[in-house]
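# Coordinate analysis (summary)
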Amino acid sequence: MTPLIKATKLTKVFGDLTAVDGIDFEVAEGESFGFLGPNGAGKTSTMKMIGATSPISGGELSVLGLDPATDGPTLRSRLGVVPQENNLDEELSVQDNLMMYGRYFDMSRAEIRERIDELLEFVQLVEKRNAKIQTLSGGMKRRVVIARGLINEPDLFILDEPTTGLDPQARHVLWDRLYRLKQQGVTLIITTHYMDEAEQLCDRLVIMDKGRIVAEGSPRSLIDEYAPGEVVELRFPGGVLETLNSRIESLAPRTEILADRALIYTEDAERTIGIVTETGLEPETVLARRSTLEDVFLRLTGRTLVE
Amino acid sequence: MATPLSLRVFEAEARVYRRTWRGSVVSSFLNPVLYMAAMGVGLGALVDANMPGGIEGVSYLTFLAPGILVANAMQTGASEGAWKVMGGIHWAKTWQARLASPIGIEGLVLGHIFWSTARVVMVSVIFAAVIAAFQVAPLLESLLAIGPAVLVGAAMVSATTAFTVRLKEISGLPMYFRFVVLPMFLFSGAFFPISQLPNWLQPVALITPVYHGVELSRSIAIGGSPAVTWWVSIAYLLAWIVGFGLVCVRPLRKRLTP
Ligand SMILES: Nc1ncnc2c1ncn2[C@@H]1O[C@H](COP(=O)(O)OP(=O)(O)O)[C@@H](O)[C@H]1O
Ligand SMILES: [Mg+2]
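Conventions we followed
- Residues numbered from 1 in each chain as written.
- Chains lettered and ligands numbered in written order.
- Predicted model: local features only at pLDDT ≥ 70, side-chain atom pairs only at ≥ 80, totals over all residues.
- Heavy atoms only, no water.
- Near = heavy atom within 4 Å.
- Polar contact = N/O pair within 3.5 Å; in protein donor to acceptor, adjacent residues only side chain to side chain.
- Areas by Shrake-Rupley, 256 points an atom, 1.4 Å probe, with all protein chains shown as cover.
- Helix = DSSP H or I, 4+ residues; strand = E, 2+ residues; numbered from the N terminus.
- Buried < 20%, exposed > 50% of the residue type's maximum accessible area, 1.4 Å probe, protein only.
- Donors = N, O, S within 2.8 Å, 3.2 Å for Na, K, Ca; no water.
- Core = buried A, V, L, I, M, F, W, Y, C linked by side-chain atoms within 4.5 Å.
- Contact = heavy atoms within 4.5 Å.

### Quick look at the site of ligand 1
The environment of ligand 1 is formed by Phe 14, Leu 17, Ala 19, Pro 38, Asn 39, Gly 40, Ala 41, Gly 42, Lys 43, Thr 44 and Ser 45 of chain A together with Pro 258 of chain B. Per-site note: the chains with residues close to ligand 1 are chains A and B. The backbone of Gly 42 of chain A places a nitrogen or oxygen atom 3.0 Å from an oxygen atom of ligand 1. Between ligand 1 and the protein, one listed contact pairs an oxygen atom with a side-chain N or O atom of Ser 45 of chain A at 2.5 Å. With the chains in place, 63% of the 560 Å² that ligand 1 exposes on its own is no longer accessible.

Okay, structure coming up:
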């Protein structure tokens, strides 16, 4: 089957800054595909090129079989976009915002009205239909933007950091909605710098750093490949950690010393904790957990995702 | 058949206006009443007393009415090209939102100019009705005088938008209104003939759209022929609309679709 998106050596340059540095990826229909990376990795630049709102600087890009450079309007009419910033019309009601957006796609008013009913139901904002955007919480605004992005029943739904800046509860509501979309078979592209978001929502993802793709795979396979097993996190009182570098590094083949804590990668967390105590190290807190995509990122780049 | 992209933008602007018109409608009525009362009736009585033959053969109020109609349309056009554009690009970023839909830069600019011109029409119709109420000119002539006013308003929509889309921050706009719009309002022949200006300033007044609009509008409202051949003035105003409209495209494209 031909992929919905195919990027080859895709590049974006701003002046002398290379924001996206020759990346290759493919997204298949029905897939939920993620771009995980820290701020400045080039995620938004990539989304804008896919969304035909930013011309590519190099390489090749085909989206829904179309060339964003020449088929921009046709392509955009089949996409749904949730931009990183909300950009709703704050003075208008939820309904007016959705109606206005639907009309950009030349849908009939009756058709849009029907769609609004469904979508408000879907994003659980039925009772906010006539509320002005400026009266809504951040999480509700985000849900309106999601409804807006779905107004034209897109063949591909692009979400740029859908939950950044939201409180945990609002994030979980959004994840639940996005998970529903994924189950309905909508092709999703999600960028995020939250590893738990990527783990929850993405079938497959690429890890981006400094404009490049550093790894690709399913969340599970990435963890198995780059950070298998478990992690023991040790926190020490301020200043103590620096003096313990070599002692901690000798505990296991793979360790990471961060500003505030040390991570020890292991097959067996309990045994490692035992060794830590035997060695006479006295951490403030000890935490054993399964490794995550955060550990994968750390392994690949030596840095954490969220500073 | 598919609706042209610019008309989709026009409709969106109309939808926003339908929800927000209350803020501006009072001033649309009040402005002409205040101007006509203060300048026309108050100041006019003094002017008329000093000039038995009238200005260009008519009373000051009669002289002023078409002029201020045009000057007011100019100001309306300038505001439409300023704050809404700033908001669309920098504050609410609703213009970015449009560009993620099938709307492109050209449709965005054209729709914006269409709608803003429609706003100039609304404001000018109200103005003309007030003029008619002051019994300066019959309603029909007042309404006909709107034509040039709308051209001037549209010219200023284009020109102001072309300026605003190049701004990096908002502070440029108050400067623009103080040093471009206000002088153009006062010195382009709306309140007194530009022959009263110092010689070196007259050519400056001559290149403003307001001057051409005022001459056309005045000749329609109170008769006589305009100082510049009518079709030259119309062509000049159209050139502003199209020319400045075109030069909006590049900076907007750079800013909104980098
Ligand atoms: N319009 C622009 N002009 C100049 N530089 C830009 C522009 N947009 C993004 N950048 C730069 O490109 C790099 C990647 O940015 P972005 O794609 O927004 O990353 P992310 O979304 O992963 O945080 C950053 O260094 C950013 O400053
Ligand atoms: Mg981003």
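That was the structure; now back to the text.
### Regarding unusual backbone geometry
Among all residues except glycine, the phi angle is most often negative; among peptide bonds, the trans geometry is most common. All names here are of chain A. In this model, Lys 210 sits at a positive phi of 50°, which is unusual for a non-glycine residue. In this fold, Lys 210 is placed in the loop between strand 8 (204-209) and strand 9 (212-217). When its relative accessible area of 60% is taken as the criterion, Lys 210 is described as exposed.

### Looking at the coordination of the magnesium ion (ligand 2)
Residue and element names in this part refer to chain A. On the protein side, the magnesium ion (ligand 2) has Thr 44 (OG1) and Gln 84 (OE1) as donor atoms, found 2.0 to 2.2 Å from it. Note that Thr 44 is positioned in helix 1 (residues 43-50) and Gln 84 in the loop between strand 5 (79-82) and helix 3 (94-104), a separation of 40 residues in sequence. Judged by relative accessible area, which is 23%, Thr 44 ranks as partly exposed.

### Some remarks on the nonpolar core
All names here are of chain A. One finds Ile 146, Ile 151 and Phe 157 to be the most contacted residues of the largest nonpolar core, which totals 60 residues. Per-element tally for this core: the top contributor is helix 3, with 6 residues. Residues within four places of Ile 146 in sequence aside, it is in contact with Val 82, Val 123, Phe 157, Leu 159, Leu 174 and Leu 178.

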